[in-house]
Amino acid sequence: MSKIEELISEIEDYIDSCKAQPFSNNKKIIVDKDIIDDLLVDLRLRVPDEIKKYQKIISSRDSILSDAKAKADSLLNAANKQTDELINEHEIMRRALEQANQLIEQANAQAQTIVDNATNDANGIREASVRYTDEMLKSLQTIISHSMENTQNKFAAFMTSMQSNYDIVMANRRELRPDDPQIAQLNENSQGEAQ
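The rules behind the values
Residues numbered from 1 in each chain as written. Predicted model: local features only at pLDDT ≥ 70, side-chain atom pairs only at ≥ 80, totals over all residues. Heavy atoms only, no water. Helix = DSSP H or I, 4+ residues; strand = E, 2+ residues; numbered from the N terminus. Contact = heavy atoms within 4.5 Å. Areas by Shrake-Rupley, 256 points an atom, 1.4 Å probe, with all protein chains shown as cover. 1 Å grid on protein atoms, 1.4 Å probe; cavity = no way out; pocket = protein on both sides within 12 Å on 5 of 7 lines; lining within 4 Å. Points joined across faces, edges and corners; volume = space filled by probe spheres on them. Patch = residues over 30% accessible without salt bridge, like charges linked within 9 Å, V, L, I, M, F, W, Y side chains within 5 Å. Salt bridge = Lys/Arg side-chain N within 4 Å of Asp/Glu carboxyl O. Core = buried A, V, L, I, M, F, W, Y, C linked by side-chain atoms within 4.5 Å. Buried < 20%, exposed > 50% of the residue type's maximum accessible area, 1.4 Å probe, protein only. Polar contact = N/O pair within 3.5 Å; in protein donor to acceptor, adjacent residues only side chain to side chain. Lys, Arg positive; Asp, Glu negative; His and termini not counted. Charge placed at Lys NZ, Arg CZ, Asp CG, Glu CD. Axes fitted to C-alpha atoms, helices over the stretch in contact; angles between N-to-C directions. Parallel < 35°, antiparallel > 145°, perpendicular 65-115°, else oblique. Left-handed = near helix turned anticlockwise from the far one by under 90°.

Asks: Account for the overall build of the chain, with residues named and values stated.
Replies: Along its length, the chain carries four helices and two strands. Along the chain, helices and strands appear, N-terminal first, in the series α-β-β-α-α-α. By sequence separation, contacts in the chain at least 24 residues apart represent 62% of the contacts at least 6 residues apart. Here the chain displays about 14,600 Å² of accessible surface, and carbon together with sulfur accounts for 52% of that area.

Right, dumping it as structure tokens:
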């Protein structure tokens, strides 16, 4: 299990351990912003290392292809050398040509197999790393989305509570001083903003 997967498991465990928000049917939870922020910072710091690791693996494809080409060239050189040695007489020349062609075909087939395998391996690694990175980003996106939703809900509840308290204070002041023009003006402004 990679460091990012461990960190995502830690985030999921933390979210599972959070208390449900009252009256939310367990769909909304209360999270400690500092803990989530710390976990997200750790995740952000580790994602580039994991991507570098996979890029390094992908870049080794060039080395594999280079080795395959060197082996193919070596086989072709051996075939050409053997062909040159066999060309002494007409019959030897004919046999040498047949053997050389067979060696060249074998060398080309082996080289193509090596190149195909290396290309398939590199493509598989690249697809796996892209899929893995996308899964990590999707998890991160979900966490951020939940955090934003929780923050918006808390802010809306806070504003509703503040408005209610403000209205109570204003009503109390009006009761105490019903003829005060300043209080009447504040009341009109408050009603205008509420609309």
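Asks: Go over the layout of surface pockets with me, naming the residues and quoting the values.
Replies: A volume near 220 Å³ is recorded for the largest pocket. Elements with a minimum of two residues in the lining of the largest pocket: helix H2 (33-86) and helix H3 (90-176). The dominant element in the lining of the largest pocket, judged by the number of residues it contributes, is H3, at six residues. Approximately 160 Å³ is the volume found for the second largest pocket.

Asks: Talk me through a nonpolar patch on the surface; I want residue IDs and the actual numbers.
Replies: The grouping of Phe-155, Phe-158, Met-159 and Met-162 at the surface amounts to a nonpolar patch, some 430 Å² of accessible area in total. Checked against the element boundaries, Met-162 lands in helix H3.

Asks: Can you break down the side chain of Asn-150 residue by residue, with the values?
Replies: Tracing the backbone through its elements, the reader meets Asn-150 in helix H3. Those residues in contact with Asn-150 that lie beyond four places of it in its chain are Lys-28 and Ile-29.

Asks: Explain the nonpolar core to me, and be specific about the residues and the numbers.
Replies: Of all hydrophobic cores here, the largest spans 17 residues; its most connected members are Ile-4, Tyr-14, Val-31 and Leu-43. Put simply, the parts of the chain that give this core at least two residues each are helix H1 (3-17), H2 and H3. Excluding residues within four positions of it along the chain, Tyr-14 makes contact with Val-31, Asp-32, Ile-35, Ile-36 and Leu-39.

Asks: Report on the side chain of Ser-129, specifying residues and quantitative values.
Replies: Among the structural elements, Ser-129 can be located in helix H3. For Ser-129, the side chain forms a polar contact with the main-chain oxygen of Arg-126, separated by 2.9 Å.

Asks: Lay out the environment of Val-31 with the relevant residues and their values.
Replies: Here Val-31 lies in the loop between strand S2 (29-30) and H2. C-alpha separation for the pair Val-31 and Ile-15, spaced 16 residues apart in sequence, amounts to 7.3 Å. Filtering out sequence-adjacent residues up to four positions away, Val-31 remains in contact with Tyr-14, Cys-18, Ile-36 and Lys-154.

Asks: Provide a residue-level description of a negative patch on the surface, including the pertinent values.
Replies: Residues Glu-6, Glu-10, Glu-12, Asp-13, Asp-16, Asp-32, Asp-34, Asp-38 and Asp-42 make up a contiguous surface patch of negative charge. Secondary structure elements with two or more residues in the negative patch: H1 and H2. No other element matches H1, which puts five residues into the negative patch. Relative to the helices and strands, Asp-13 resides in helix H1.

Asks: Which residues make up the pattern of salt bridges, and what values do they have?
Replies: Pairing between side chains of opposite charge can happen when the charged atoms of each approach one another. Applying the stated rule across the entire model yields four salt bridges. Put simply, Lys-33 and Asp-37 hold a salt bridge, and the shortest N to O gap is 2.7 Å. A residue pair is termed a helical-turn pair when its members lie 3 or 4 positions apart in one helix, as Lys-33 and Asp-37 do in helix H2 at four residues.

Asks: Describe the packing of H1 against H3, and please don't skip the residues or the numbers.
Replies: Between H1 and H3, whose axes approach to 11 Å, the crossing angle comes to 25°. The angle between H1 and H3 places the two elements in the roughly parallel class. Note that H1 runs across H3; the crossing there is left-handed. Residues Ile-4, Glu-5, Ile-8, Ile-11 and Ile-15 of H1 touch H3, and the partners they reach there are Tyr-132, Met-136, Ser-139 and Ile-143.

Asks: I'd like a rundown of the environment of Ser-60, residues and numbers included.
Replies: In this fold, Ser-60 is placed in helix H2. A relative accessible area of 32% places Ser-60 in the partly exposed class. Sequence separation between Ser-60 and Ala-122 is 62 residues; the distance between their C-alpha atoms is 8.1 Å.

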